[in-house]
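Below are the chains, spelled out letter by letter.
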Amino acid sequence: MLLYIHIPYCDSKCYYCSFNSYTTKHHTKKVYMQRLYKQLEYELDRFEVKRGDIATLFIGGGTPTTVDATMYEDIFELISPYLNKNAEITTEANPNSATKEWLETMKSFGVNRVSFGVQSFDDDKLKKLNRSHTSKDAIRAIQSAKSVGIKRISLDIIYNFAGDSTKSISNDIDKASLLPVEHISAYELTIESNTPFEATPYVKQNSTKLARFTADYIQQKGFRQYEISNFGIPSKHNLGYWKLKEYIGVGAGAVGFRGNKRLYTTNSIEEYIKEPTKIETETLSKEDMDLERLFLGLRSKIGFNKEVVPKDKRFLLDILIQEKKLLFKNGKYYNKDYFLADEIALYLSN
Ligand SMILES: C[S@@+](CC[C@H](N)C(=O)[O-])C[C@H]1O[C@@H](n2cnc3c(N)ncnc32)[C@H](O)[C@@H]1O
Ligand code: SF4
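Because the structure is predicted, anything quoted here is derived from the model rather than measured.

Asks: How should I be thinking about the site of ligand 2 in this particular structure?
Replies: Around ligand 2, the surrounding shell consists of Cys10, Ser12, Lys13, Cys14, Tyr16, Cys17, Gly62, Thr63, Asn94 and Arg131. The class makeup of the residues in the shell around ligand 2 is four nonpolar, four polar and two charged.

Asks: Teacher, can you tell me more about unusual backbone geometry here?
Replies: Glycine aside, residues mostly have negative phi angles, and peptide bonds mostly take the trans form. Along the chain, Gly61 connects to Gly62 via a cis peptide bond; the corresponding omega equals 20°. Examined against the element boundaries, Gly62 turns out to sit in the loop between strand E2 (54–61) and helix H2 (73–79). Positive phi, close to 65°, is recorded for Asn130, a residue that is not glycine. With respect to the secondary-structure elements, Asn130 resides in the loop between helix H4 (123–128) and helix H5 (135–147). Positive phi is not limited to glycine here, since Asn194 has a value of about 60°. Within the secondary structure layout, Asn194 lies in the loop between strand E6 (183–188) and helix H7 (208–220). Given the relative accessible area of 74%, Asn194 is considered exposed.

Asks: Just to check I follow, could you spell out the packing of helix H11 (residues 315–322) against helix H12 (residues 341–348) for this structure?
Replies: Between two packed helices, the angle of one axis relative to the other and the distance separating the axes together describe the packing. Look at H11 against H12: their axes get within 10 Å of each other, and the N-to-C directions meet at 145°. Contacts from Leu316, Leu317, Ile319 and Leu320 of H11 reach H12 at Ile344, Tyr347 and Leu348. The class makeup of the residues in the contact of H11 with H12 is seven nonpolar, no polar and no charged.

Asks: Would you mind showing me how to read the domain arrangement of the protein chain here?
Replies: Interfaces are frequently sized by the accessible area removed from exposure as the parts join. Taken domain by domain, the protein chain comprises domain 1 (2–242) and domain 2 (300–348). Summarising the inter-unit geometry, the C-alpha centres of domain 1 and domain 2 are found 30 Å apart. Listed as interface residues are 11 residues of domain 1 and, on the opposing side, seven residues of domain 2. Both sides of the domain 1 and domain 2 interface together cover about 840 Å² of buried area, and 71% of this is carbon and sulfur. The largest per-residue losses of area from domain 1 upon contact with domain 2 belong to Arg212, Tyr226 and Ile228, which jointly make up 51% of the total buried on that side.

Asks: Hey, could you run me through the pattern of salt bridges in this one?
Replies: Charged atoms that come close allow side chains of opposite charge to pair. Tallying each qualifying case throughout the model produces 16 salt bridges. A salt bridge links Asp174 to Lys221, with the nearest nitrogen and oxygen atoms 3.2 Å apart. Placement of the pair is Asp174 in helix H6 (residues 166–178) and Lys221 in the loop between H7 and strand E7 (225–227), with a sequence separation of 47 residues. For Asp174, a relative accessible area of 26% corresponds to the partly exposed category. Judged by its relative accessible area of 36%, Lys221 falls in the partly exposed class. A salt bridge links Asp342 to Arg299; its shortest N-O distance comes to 3.3 Å. Of this pair, Asp342 sits in helix H12 while Arg299 is found in helix H10 (residues 286–299), placing the two residues 43 residues apart along the sequence. Overlapping salt bridges, with partners in common, bring together Glu88, Arg152 and Glu182 in one network.

Asks: How should I be thinking about the site of ligand 1 in this particular structure?
Replies: Taken together, 17 residues are adjacent to ligand 1, and Gly62, Gln119, Arg131, Asp156 and Thr190 come closest. At 2.6 Å, a side-chain N or O of Asp156 approaches an oxygen atom of ligand 1. For the shell around ligand 1, a count of residues per class yields five nonpolar, seven polar and five charged.

Asks: It is not clear to me how the environment of Asp172 should be interpreted in this structure. Could you clarify?
Replies: Of note, Asp172 is situated in helix H6. In sequence terms Asp172 and Tyr347 are 175 residues apart; their C-alpha atoms lie 35 Å from each other. Residues within four places of Asp172 in sequence aside, it is in contact with Gln119, Ser120, Phe121, Asp122 and Lys125.

Asks: What exactly am I supposed to notice about the packing of aromatic side chains here?
Replies: Aromatic ring pairs are defined here through the distance separating the ring centres and the angle between the ring planes. Per the counting criterion, the structure on display carries 13 aromatic pairs. Taken together, a centroid distance of 5.6 Å and an interplanar angle of 90° make the contact between Tyr9 and Tyr32 edge-to-face. Of the two residues, Tyr9 sits in the loop between strand E1 (2–7) and helix H1 (29–46) while Tyr32 sits in helix H1, which places them 23 residues apart along the sequence. Tyr32 carries the same exposure label as Tyr9, and that label is buried. The rings of Tyr9, Tyr32 and Tyr272 are connected pair by pair, giving a single aromatic cluster.

Cut-offs and rules
Residues numbered from 1 in each chain as written. Chains lettered and ligands numbered in written order. Predicted model: local features only at pLDDT ≥ 70, side-chain atom pairs only at ≥ 80, totals over all residues. Heavy atoms only, no water. Near = heavy atom within 4 Å. Nonpolar A, V, L, I, M, F, W, Y, C, P; charged D, E, K, R; others polar. Helix = DSSP H or I, 4+ residues; strand = E, 2+ residues; numbered from the N terminus. Buried < 20%, exposed > 50% of the residue type's maximum accessible area, 1.4 Å probe, protein only. Axes fitted to C-alpha atoms, helices over the stretch in contact; angles between N-to-C directions. Contact = heavy atoms within 4.5 Å. Domains from an automatic or database assignment. Buried area = accessible area lost by both parts, 1.4 Å probe. Salt bridge = Lys/Arg side-chain N within 4 Å of Asp/Glu carboxyl O. Polar contact = N/O pair within 3.5 Å; in protein donor to acceptor, adjacent residues only side chain to side chain. Phe/Tyr/Trp six-rings, centres within 6.5 Å; stacked < 30°, edge-to-face > 60°.

Listed below in structure tokens is the structure:
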């Protein structure tokens with residue numbers, strides 16, 4: 001079982017970001033965390049979670065570092081008995097608000113992995129993305145995490161923003177690899193609806209050459225690619241999502257998954273505070289689930305079984321093996337080039 005906790009607050013809104021988060025509702029934090037506790041109690045019961053069942057916990061956002069570390073105490077007290085003794089406990093962190101004290105307190109609650117949103121080590125690019133930190137802040141925050149004893153540190157970068165080049169991206173990756181990180185996520189900029197960048201879509205470059213360069217260069221630095229955007233020591237939590245394991249999602253805008261159902265809370269902080277256990281359900285058909293398994297299997301090292309491919313398309317699998325696009329091993333198919341994942345998924349689906 002996986003658990004995801006959503007913190008819908010940010011200090012400022014990055015121009016590319018469509019995640020559910022607010023910059024003007026910080027006054028609701030205290031009561032929000034209390035309601036989150038309520039939903040968590042409800043979900044632990046509804047999912048029939050037993051002692052030691054939770055293998056991974058991920059606190060994401062939004063910006064978890066905008067909430068005072070002491071405000072997480074009750075939540076950790078509630079879930080402690082349910083956490084597996086080797087549980088991977090990750091929090092996202094923004095460089096401007098991840099203080100040494102915050103990191104230290106979270107570590108004392110059990111956090112053993114921190115994922116920093118760095119995006120770039122170029123201050124000019126950070127400004128253009130409307131990030132509220134400098135590259136120096138990012139280096140300092142990562143060093144603080146290391147100094148308080150967090151062993152597993154990850155950082156995110158964004159590429160294919162207008163002006164990115166092999167020189168600027170290799171500079172970012174060089175700087176990242178000098179830091180004590182075991183994992184890098186490199187996301188290609190996506191222009192999302194209802195974001196400031198929607199009005200200026202030309203800020204995204206469409207360079208497949210730079211995408212491949214980014215992946216190759218990160219691998220040259222010793223971080224192995226295990227998913228289209230992820231490199232290094234895999235996050236168990238993400239692997240769990242891609243294997244379609246069940247997960248509890250708590251907080252405004254969090255998503256849960258059980259059996260063949262997706263469970264949605266409201267995006268609105270106010271509505272959530274009123275009714276934290278009001279949850280909408282979406283039922284996935286067998287075809288939806290198979291397609292999801294195919295996409296996720298092709299985008300990552302987890303691979304897929306023949307059964308998720310529609311019967312009338314299965315003959316194409318042998319062709320893809322002959323063309324050296326797929327590898328067949330121990331009854332499963334594996335993609336040899338994650339950048340072709342969507343193309344192959346479309347080829348294999350109706
Ligand atoms: C949940 S978000 C934010 C975590 C944290 N608040 C931060 O910004 O540092 C996780 C990551 O998604 C990536 N991301 C979000 N929106 C994106 C977009 N439109 N295009 C590419 N990457 C994006 C960023 O790299 C970000 O660090
Ligand atoms: S990228 Fe992170 S800090 Fe920026 S708006 Fe999105 S959630 Fe907030």
